[in-house]
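Structure assessment
In case you want the letters, here they are:
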Amino acid sequence: MSKHLRITLVKSLIGVAEKHRRVVLGLGLRHTNHSVERLDTPEIRGMVNKIPYLLRWEEL
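Let me sum up the structure you'll find in this document. This structure is a prediction, so every number in the text was calculated from the model and none was measured.

1. Some thoughts on the environment of L13
With respect to the helices, strands and loops of the structure, L13 is situated in the loop between β1 (4-9) and α1 (18-27). Those residues in contact with L13 that lie beyond four places of it in its chain are R21, V24 and L54.

Right, dumping it as structure tokens:
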């Protein structure tokens, strides 16, 4: 069974760089406190590691 990550957007995107906004949209997050579950792949880990100050994540 593959591992999954639960990713939650915990901070607002107001004042955030455009590249970081695109990463948030790429993860499928829409608004503050919105959570999604994604497969734990190197691509997703890289996106999460690019914007750790905006997110909270946990392994499922």
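2. Quick look at the pattern of salt bridges
When their charged atoms lie close together, side chains carrying opposite charge are able to pair. Within this structure, the stated rule accounts for six salt bridges. Between K3 and E59 there is a salt bridge, with its nearest N and O atoms 3.8 Å apart. Here E59 lies in strand β3 (residues 55-59) and K3 lies in the segment before β1, a separation of 56 residues in the sequence. Given a relative accessible area of 46%, E59 falls into the partly exposed group. Measuring nitrogen to oxygen at the nearest pair gives 3.1 Å for the salt bridge that ties R6 to E37. Here the residue R6 occupies a position in strand β1, and E37 occupies one in strand β2 (residues 35-39), the gap between them amounting to 31 residues. Accessibility expressed as a relative area gives 43% for E37, which makes it partly exposed. Look at the salt bridges and you will find they share partners, linking K3, D40, R45 and E59 into a network.

Reading the values: rules and limits
- Residues numbered from 1 in each chain as written.
- Predicted model: local features only at pLDDT ≥ 70, side-chain atom pairs only at ≥ 80, totals over all residues.
- Heavy atoms only, no water.
- Helix = DSSP H or I, 4+ residues; strand = E, 2+ residues; numbered from the N terminus.
- Contact = heavy atoms within 4.5 Å.
- Salt bridge = Lys/Arg side-chain N within 4 Å of Asp/Glu carboxyl O.
- Buried < 20%, exposed > 50% of the residue type's maximum accessible area, 1.4 Å probe, protein only.

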